[in-house]
Amino acid sequence: MPYTVTPTAIADVLILTPRVFGDERGFFLESFNQRDFEAATGLHGVRFVQDNHSRSRRDVLRGLHYQRPPHAQGKLVRVARGAVWDVAVDIRRDSPTYGRWVGVELSDANQRMLWIPPGLAHGFVVLSDEADFLYKTTDYYSPAHEGCIRWDDPTLAIDWPLQGRVPVVSARDAQAPLWSEALAWPAPTR
């Protein structure tokens, strides 16, 4: 199997570790293969329509972002260079893990990927000097359907590994509504 799959505390959020072939020249890995993704995860019919790439410096925190139905996005995320602490928050009101979050370190050293299904908010903070963050999405970006939750919401109480440093956030993320206000529109669905 090209991927090792590790479940998280949110059942639908999966850590995928690809098989890496390395020697003194460097390494090779297949970062995505539809057939192998489906076989490893059991997720059939997931279709990726857009790839995104961001570069950020240490302590940049992006998120917590999501898109509402009918344009909710699933994401397969990974780091090509550097390291991030990646977080997914369950915002599906009908989910047994509604309001819970999981975090995992993704880096060019561990080569892990994270599958974040539609209906979850997503964010990350950069742990290295710089990080190149790549993600595949299951729906196109739709500004009319985007939402954001404050990264430091006290109800969610996400344990960002900042070691007392102040994160660098966009004006939009700094002004994002709290958890209780952000989800005032109709309930997200799976």
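Structure: above.
Starting from 1, residues in each chain are numbered consecutively following that chain's sequence as written. pLDDT decides what is reported in this predicted model: residues at 70 or higher carry local features, side-chain atom pairs at 80 or more are listed and counted, and totals for whole chains, interfaces and linings draw on all residues regardless. Excluded from the side-chain calculations are hydrogens and water; all other atoms, namely the structure's heavy atoms, are used.

Asker: Break down the sheet that holds strand β11 (residues 120-126) for me, citing the residues and quoting the values.
Answerer: If you trace the five strands from one edge of the open sheet to the other, you get β9-β8-β11-β6-β13, paired in antiparallel fashion. Where the open sheet ends on each side, the last strands, each with one partner, are β9 (101-107) and β13 (146-148). Sheet twist, expressed as the average angle between the axes of neighbouring strands with direction ignored, equals 25 degrees. Two strands are counted as paired when DSSP detects at least two bridges linking them. Only DSSP runs of H or I reaching four residues or more are called helices, and only runs of E reaching two or more are called strands; each is numbered from the N terminus. Pairing between strand β8 (residues 83-90) and β11: seven bridges, direction antiparallel. What sits directly across from W85, in β11, is V125. For helices, the fitted axis covers only the stretch in contact; all axes are lines through C-alpha atoms, and the angles between them, taken along N-to-C directions, range from 0 to 180 degrees.

Asker: Can you lay out the packing of aromatic side chains for me, pointing to particular residues and giving the numbers?
Answerer: Aromatic contacts are taken between Phe, Tyr and Trp rings whose centres are within 6.5 Å, Trp giving its six-membered ring; a plane angle under 30 degrees counts as stacked, one over 60 as edge-to-face, and the others as tilted. For the structure on display, the rule yields eight aromatic pairs. Relative to F37, the ring of F32 lies with its centre 5.7 Å away and its plane at 50 degrees, an arrangement referred to as tilted. Here the term buried applies to any residue with accessible area under 20% of the maximum for its type, exposed to any over 50%, and partly exposed to those in between, with areas from a 1.4 Å probe on protein chains only. F32 sits in the partly exposed class, given a relative accessible area of 23%. Judged by its relative accessible area of 0%, F37 is buried. Put simply, the rings of F32, F37, F48 and W115 pair up and form one aromatic cluster. Our definition puts a charge over a ring when NZ of Lys or CZ of Arg is within 6 Å of the ring centre and also within 35 degrees of the ring normal. Stacked on the ring of F32, the Lys or Arg K136 has its end atom at 5.0 Å from the ring centre.

That is the geometry; function is a separate question.
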